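Residue-level listing of the chains:
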Amino acid sequence: MGVFATMFVLILCSVNAHSSHRKDGLQRRAVDSCSCAYQNGGCVITAAPPANKACKCVLSTNTCVGQIRACAQPNAFFCTNPDTSLGTCLQGAGNCKGYSDTCDCKYVFSGCKLTSPAIPRTACKCDFKEWWTWACDGEIVLCGNQYSIYCDKPDLTKESCYQGQGLCTY
C-alpha cells in the first residue's frame, strides 16, 4: 500500500472513531437527563428521566429546570416506568404544580372524606384548607404504601384516604 493510501485509511479510521465517540457521548447525556417546562403556574416534565431515576423540577422565575435524582420510592411504578406524568414528577419531589390532575375532599365531623380520588398509583392527601372555615382540600401525593391495592386503584374509601396520610374521617 502506498503512503497516500495508508494516510487515507488512517485518517478515515480516526474520523470514524471520533464520530462514534461523539455519538456515544450524546446518547449518554440524553439518557442521564430530563426536562421540565413552566405550565399553569408550576412545572411539568417534558422529557422523562431514565428508568429507576426521578426528575426533580425546579421552578425559578417562570422557568423550570429538570434535575436527575434518586426516586423517592425506588420500587414504585413511576420510578421503574417513568413518563411525563404527575406520578413521575412526584418521585422527584420537586415542583409539580403545573399538572391539572386533581383529587378532592370534603369536611366531615372534624376531619376529611374523599370526594374525588387520585390518579392510579398515587394517593389523595386530605387536609384542612383553612381551620376557621372547616373546609377540606385534596392534593395528589405519593402513596404511603406503594404495594397497596388502594394505591394501584384509588377510590373513595377510607383505605384510599389513608394512603395519602392526611386527615381522614369516615
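Structure: see above.
None of these values were measured; they are calculated from a predicted model.

Examining the overall build of the chain
So, point 1. Helix and strand counts for the chain come out as five helices and eight strands.
So, point 2. Written out in order from the N terminus, the α and β elements of the chain read α-β-β-β-β-α-α-β-β-β-β-α-α.
So, point 3. Buried positions account for 33% of the 170 residues belonging to the chain.
So, point 4. In the structure as shown, the chain presents an accessible area of about 10200 Å², 56% of it carried by carbon and sulfur atoms.

Concerning the pattern of salt bridges
So, point 1. According to the stated counting rule, one finds one salt bridge in the structure shown.
So, point 2. In this structure, the salt-bridge partner of Arg121 is Asp152, at a minimum N-O distance of 3.4 Å. Of this pair, Arg121 sits in the loop between strand 6 (111-116) and strand 7 (123-130) while Asp152 sits in helix 4 (residues 149-152); the two residues are 31 residues apart in sequence, bridging distant segments of the chain.

Quick look at the pairing of strand 3 (residues 54-60)
So, point 1. Bridge count for strand 3 against strand 4 (residues 63-69) is seven bridges, and the pairing is antiparallel. Looking at strand 4, one finds that Ala54 is bridged to Arg69.
So, point 2. What sits between the antiparallel neighbours strand 3 and strand 4 is a turn of two residues, in which Thr61 has the positive phi angle 50 degrees.

Some words on the state of the cysteines
Here a disulfide denotes one covalent bond, and it connects the sulfur atoms of two cysteines.
So, point 1. By the definition in use, this model includes 10 disulfides.
So, point 2. The disulfide bridge from Cys36 ends at Cys57, spanning 2.1 Å between sulfur atoms. Taking the sign of the S-S torsion, -75 degrees for the link of Cys36 and Cys57, the bridge is left-handed. Of this pair, Cys36 sits in strand 1 (residues 35-39) while Cys57 sits in strand 3, placing them 21 residues apart in sequence.
So, point 3. Between the sulfur atoms of Cys105 and its disulfide partner Cys126 the distance amounts to 1.9 Å. The disulfide joining Cys105 to Cys126 has a torsion of about -75 degrees about its S-S bond and is therefore left-handed. Here Cys126 lies in strand 7 and Cys105 lies in strand 5 (residues 104-108), a separation of 21 residues in the sequence.
So, point 4. The class for Cys105 is buried, based on a relative accessible area of 4%.

Re the pairing of strand 6
So, point 1. Across five bridges, strand 5 lies against strand 6 in antiparallel orientation. Pairing of Lys106 across the sheet is with Lys113, part of strand 6.
So, point 2. The loop that links strand 5 with its antiparallel partner strand 6 comprises two residues; one of these, Phe109, has a positive phi angle of about 40 degrees.

Re unusual backbone geometry
So, point 1. One non-glycine residue, Asn52, adopts positive backbone phi at about 70 degrees.
So, point 2. In this fold, Asn52 is placed in the loop between strand 2 (42-47) and strand 3.
So, point 3. Even without being glycine, Gln165 reaches a positive phi, approximately 55 degrees.
So, point 4. Structurally, Gln165 can be placed in the segment after helix 5 (158-163).
So, point 5. Residue Gln165 is classed as exposed on the basis of its relative accessible area of 58%.

Focus: the layout of surface pockets
So, point 1. Empty space within the largest pocket amounts to approximately 340 Å³.
So, point 2. Those elements that provide at least two residues to the lining of the largest pocket are helix 3 (86-92) and strand 8 (135-141).
So, point 3. Among the elements that make up the lining of the largest pocket, the one with the highest residue count is strand 8 (four residues).
So, point 4. Among the residues making up the lining of the largest pocket, the classes are represented as nine nonpolar, four polar and three charged.
So, point 5. Counting the residues that make up the lining of the largest pocket, at least three belong to each of domain 1 (35-92) and domain 2 (104-164).
So, point 6. Volume-wise, the second largest pocket comes out at about 160 Å³.
So, point 7. Forming the walls of the second largest pocket are 14 residues, and the residues nearest its centre are Ala76, Phe77, Arg121, Gln146 and Cys151.

What counts and how
- Every chain's residues receive numbers from 1 upward, in the order its sequence appears when written.
- Confidence filtering applies because this is a predicted model: local features only for residues at pLDDT of at least 70, side-chain atom pairs given and counted only at 80 or more, and all residues used for totals across whole chains, interfaces and linings.
- Here the side-chain values reflect all heavy atoms present in the structure, with hydrogen atoms and water set aside.
- A run of DSSP states H or I qualifies as a helix once it reaches four residues; a run of E qualifies as a strand once it reaches two. Both are numbered from the N-terminal end.
- Residue exposure (1.4 Å probe, protein chains only): buried if accessible area is under 20% of the type maximum, exposed if over 50%, otherwise partly exposed.
- Note on areas: Shrake-Rupley with a 1.4 Å probe; residue coverage comes only from the protein chains shown.
- A pairing counts as a salt bridge when a side-chain nitrogen of Lys or Arg comes within 4 Å of a carboxyl oxygen of Asp or Glu.
- A strand pair is defined by DSSP finding two or more bridges across the two strands.
- Defined by distance alone, a disulfide is two cysteine sulfur atoms within 2.5 Å.
- Grid points spaced at 1 Å over the protein atoms alone were grouped into cavities, where a 1.4 Å probe fits but cannot get out, and pockets, open sets with protein on both sides within 12 Å along at least five of seven lines, with lining residues defined by an atom within 4 Å of a point.
- Grid points are joined across faces, edges and corners, and a volume is the space filled by probe spheres set on the points.
- Residues are grouped as follows: Ala, Val, Leu, Ile, Met, Phe, Trp, Tyr, Cys and Pro are nonpolar; Asp, Glu, Lys and Arg are charged; every other residue, Gly included, is polar.
- Domain delimitation in this document rests on an assignment produced automatically or drawn from a domain database.

Everything listed here is a matter of geometry and, on its own, says nothing about what the molecule does.
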